[in-house]
Amino acid sequence: MTGLSTILIVVGLFLAGGVYSFKKQKMPRGVVLLLAIGSAMCLAAGVLRLQGIWE
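Residues numbered from 1 in each chain as written. Predicted model: local features only at pLDDT ≥ 70, side-chain atom pairs only at ≥ 80, totals over all residues. Heavy atoms only, no water.

K.L.:
I'd like a description of unusual backbone geometry, backed by residues and values.
P.N.:
The backbone of K26 shows a phi angle near 60°, a positive value even though the residue is not glycine. For K26, the position within the fold is in the loop between helix 1 (2-24) and helix 2 (29-51). Classification of K26 by relative accessible area gives exposed; the value is 73%. (Helix = DSSP H or I, 4+ residues; strand = E, 2+ residues; numbered from the N terminus. Buried < 20%, exposed > 50% of the residue type's maximum accessible area, 1.4 Å probe, protein only.)

Below is the structure:
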């Protein structure tokens, strides 16, 4: 399932860009933190699925 892995990685990178943008716009810390956690979870899940560890 490399398609799902790719989608998770792309979404994670998109959210990471959102973290950068929200931090630059001085958004509330809670919003930035939740976005950063979501980004990290998507990236980790995508990489783990790509390596075949988590199926």
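K.L.:
Which residues make up helix 1, and what values do they have?
P.N.:
When the terminal C-alpha atoms of helix 1 are compared, their 33 Å separation across 23 residues agrees well with the 33 Å that a helix rising 1.5 Å per residue should span. Residue K26 follows helix 1 closely and has a positive phi angle near 60°. (Expected span 1.5 Å × (residues − 1).)

K.L.:
Please set out the environment of M41 residue by residue, giving values where relevant.
P.N.:
Tracing the backbone shows M41 in helix 2. Between the alpha carbons of M41 and G12 there is a distance of 7.5 Å; along the sequence they are 29 residues apart.

In short, shape yes, function no, at least from these values alone.
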